[in-house]
Amino acid sequence: MPLFVKARSFLRNLFLSRRVDVDLDQEVHSHLEMLIEEKIRAGMPPHQARRAARIELGGVEQVKERVRDSRTGAWLDSLLQDIRYGLRTLRKSPGFTAIAVLTLALGIDANTAIFSVVYAVVLRPLPYTHPEQLISVLQAKPQESIRGTGCSFPDFTEWREQNLVFSELAGAESHELTLTGHGDPSVVTTMVVTPELFSLLDAKPLAGRTFLSEDGQKGAAPVVIVSENLWRGRFGADPNIVGSSISLDKRPFTVVGVMPAEFSLRLITQTQDIWIPLVQDPLFGPWMSRRGQHWLPVVGRLKPGVSLAQAQAEMDTISARLAREFPAEDAGWTIQLAPLQTAIVGDMRSALFVLLGAVGLLLLIACANIANMLLTRATSRAREMAIRTALGAGRARIVRQLLTESAVLGLLGGGAGICLAYWGVSVLTTMLPQNLPRFHPVRVDSGVLVFALLLSVAAGFLFGLAPALYSADFNVQENLKQASGRSGEGSKRRGFLAGAEIALATVLLVAAGLLIRSFASLTSVSPGFNVQHMVKADVSLPQFEYLTPQQWTSFSNELLDRIQAEPGLRDTALAVPLPLVSGAVNLGFDIVGNPPLTAGTSRKADYVAVSPEYFRVMGIPLLRGRDFAVQDSLTAPRAALISEAFAHSYFPNQDPIGKQLIFGFPPSPGARREIVGVVGDVRDVSLSQKPGPMMYVPFAQAPFWGSEIVVKSSLAPSAVAATIRKDVATIDKDLPVTDVSSMPEILDASVGQPRFRTVLLGLFAALALGLAAAGIFGVISYSVSRRTHEIGIRIALGATPTSVLRLILRESAKLILIGLAVGIPVALGLARFLSSLLFAVHPADPLTFIAVPALLALVALAASYVPTRRAMRVDPMVALRDE
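Residues numbered from 1 in each chain as written. Predicted model: local features only at pLDDT ≥ 70, side-chain atom pairs only at ≥ 80, totals over all residues. Heavy atoms only, no water.

Caption draft 1: Representation of the side chain of Ser-174 within the structure. Mapped onto the fold, Ser-174 is located in strand β3 (residues 166-180). When its relative accessible area of 18% is taken as the criterion, Ser-174 is described as buried. In this structure, Ser-174 is in contact with Thr-190, Met-191, Ile-268, Thr-269 and Phe-284, ignoring residues within four places of it in sequence. (Helix = DSSP H or I, 4+ residues; strand = E, 2+ residues; numbered from the N terminus. Buried < 20%, exposed > 50% of the residue type's maximum accessible area, 1.4 Å probe, protein only. Contact = heavy atoms within 4.5 Å.)

Below, the structure is given as structure tokens:
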């Protein structure tokens, strides 16, 4: 009962305005005066009559409440009656109802599915305490087009000590370590963090503790925090895990805590297995003293009441101060602040909103289609509405009745769309790119359901308003005389809606066409190396066991020898890093004999260490000079190969062979290396990024504790992987072989995000094209049915079928041209929002803007041809007799 009372009060307050209260005051006052007059006529003195009348009437507010309740009850009764009548009306037209519900369900389904992704990735706040205070703190160097990179650890320390706007700052990076001693050796994703990270995020462990400040000091005992997933999967949910020791890269670490499965920091990587203090990390730990290396991403929490603009001004001041104090390392570098969620989502935000806008257009087209169908029904129901008006129904009453029917239809379509959305979301999740950043599952939850229901109601109002106003605005006497309504005006409105469908479909098709052209251009780009019959695998050596470069070289030589001795695996090489797999290592370098650069500027190129035969195996052409050979050992003169882009950038109009470069990896002053050859360009970061300068060194002269094996073989990838694992185990049984995959798979995965948005937008455009064609078909069919008598007279007077064909097609062409005339400029204006998603295609691409209207016009004319053929077969005698 309390729920009913609340609902009744809500509806009353919603639908009864202040003017109703004025009416109630007048009604109560009139009733009071009537009671007073009755009692005075009965002989009661006036003052007693007034007192008795007030007592009998009760309090004014109580009377108002009773009147309001009666009016609310009457309104609810009327609403229920309208709903029942609307359901009966829809039940009498099952074909119309089924088509309308299915059309709307497709639109609601698509919108709900896409919104579920947008809601999970973009709209839902991060699962941290006060996520709005969390900020990504990165560095940039605009003059060298470096954006969104980390800082050096000394700079991080300065930021923490000097800022007044952050309550805390913490740094985090990731790589992989080898876990041994508990089952087969495996590689675990390792988050390398400063101890403040967990307190900054207010993260509570599932068991044990998080890091203390002492854990980040040099000389501290090595400790580790494991994830719940690793704890349950690898350690069998051992309750005694806290305090035990595990081996990472053959070094013991004491487990001090277990973090719950839902905890992660997706700014760096999508998965995290373990966390270790930065000072304990074998890779990044030695870099902590190097101020010139920018590698540590930072997260901060703003103090309460501090805005992002205030924080940016404070950090700009600190950045300028550091540039003055350390010009060689910090000159030219700026600090970039952004909300953490914005930094995590990155470029996917614009792509997801483009998809959401596309399904919004699709729903508008569906609504226009249903509105056209309702206009047809409104014409056939003109006599019914005239009779209701003659019996006393007002215009507002008829509009309300028809809008109620539309709302019922919208809710039916919405219900069907929500049911389809559960299936659609499950399909959509299989299509999502693997690197899509999401803290929350993509599903139809309460927030998505509310969106779908509101969308259904809005859609019902949208497609029902025009037919309702049309039905309530007519001449009663004229419509009582004839069974049909105003066919001419109805046709105009239907034509307007059909033209709107064409315009909306044009926008959607142009967007899809641009993305398809872009994706075709992207996938046609050559990466600069062969991918067919290529398999790669990662092998990482435990740095606490394999301590010296000599051990790394010895292991890689023995492994290559063993693999190359296997049947069918002769073409084998290794590289660090492999293009399109591990990103790029961008190093600064100097050219011997060139004047030194000014402070804050540098020369940079991507660095790769490779084994002999790497370029032959990968199919990278040697353009000048010589390739690396076995003789390029650790004791031989230092050699380097450069890419063609490197030669064009730093040695224009010169022969680079014999020139000397100075660089080293890990970043260090390095040694002189003589350029012995020039090789072809490679797209090592992504297919969409033009090849930049690259420099190669012999792996034997710059060994590393991890490498990526690449094998060119006609054998199945599984057979190649099994052979590599066998050969690695022969050398060291505790070494895992990870990330085994074929290069075509890697190339395919690298375009996962463009493929995802292109496929979806293409699907939505195809649906829009079908709906627009259905709209044109409906309008022309209706027009032909209303003009049967006219066409019969024309044929009786000698009109040929060809002339009738031209007559009807002219009407179709007019609608199409009007729609295109509106849609093309709108599409041209909106295409600029796609510019960041396009590759090698201009937003105003002429081919797209010619092909799309031509395709749309062709499909629309084809849709109008069927009713046109029916008009050509009209028998004049039958048409005149029926009229």
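Caption draft 2: Region of the structure containing a positive patch on the surface. There is a patch of like positive charges on the surface, built from Arg-84, Arg-88, Arg-91 and Lys-92. Looking at the element boundaries, Arg-84 is found in helix α4 (residues 60-92). (Patch = residues over 30% accessible without salt bridge, like charges linked within 9 Å, V, L, I, M, F, W, Y side chains within 5 Å. Areas by Shrake-Rupley, 256 points an atom, 1.4 Å probe, with all protein chains shown as cover. Salt bridge = Lys/Arg side-chain N within 4 Å of Asp/Glu carboxyl O. Lys, Arg positive; Asp, Glu negative; His and termini not counted. Charge placed at Lys NZ, Arg CZ, Asp CG, Glu CD.)

Caption draft 3: Highlighting unusual backbone geometry. For the bond from Val-576 to Pro-577, the omega torsion is -5°, close enough to zero to count as cis. Mapping Pro-577 onto the fold places it in the loop between β13 (571-576) and β14 (585-591). Of note, the phi angle at Asp-249 is positive, near 50°, even though the residue is not glycine. As for its position among the elements, Asp-249 is in the loop between β7 (245-248) and β8 (251-259). One non-glycine residue, Asn-653, adopts positive backbone phi at about 55°. Relative to the helices and strands, Asn-653 is located in the loop between α20 (644-650) and β18 (660-663). Under the relative-accessibility criterion, Asn-653 is labelled exposed at 85%.

Caption draft 4: Molecular detail of the side chain of Glu-158. Note that Glu-158 resides in helix α6 (residues 153-162). Assessed through its relative accessible area of 16%, Glu-158 is described here as buried. The residues touching Glu-158, leaving out its near neighbours within four places in the chain, are Arg-291, Leu-322 and Phe-326.

Caption draft 5: Structural view of the confidence of the model for the protein. Here the protein shows a mean pLDDT of 85. Residues at 70 or above account for 85%. Predicted confidence for residues 10-22 stays below pLDDT 50, and this span has 11 contacts to residues more than four positions away or in other chains. Across residues 483-489, where pLDDT falls below 50, the model places 17 contacts with residues more than four positions away in sequence or in other chains. (pLDDT = per-residue confidence, 0-100.)

Caption draft 6: Local environment of the environment of Ala-749. Mapped onto the secondary structure, Ala-749 falls in helix α22 (residues 743-750). C-alpha separation for the pair Ala-749 and Leu-580, spaced 169 residues apart in sequence, amounts to 9.6 Å.

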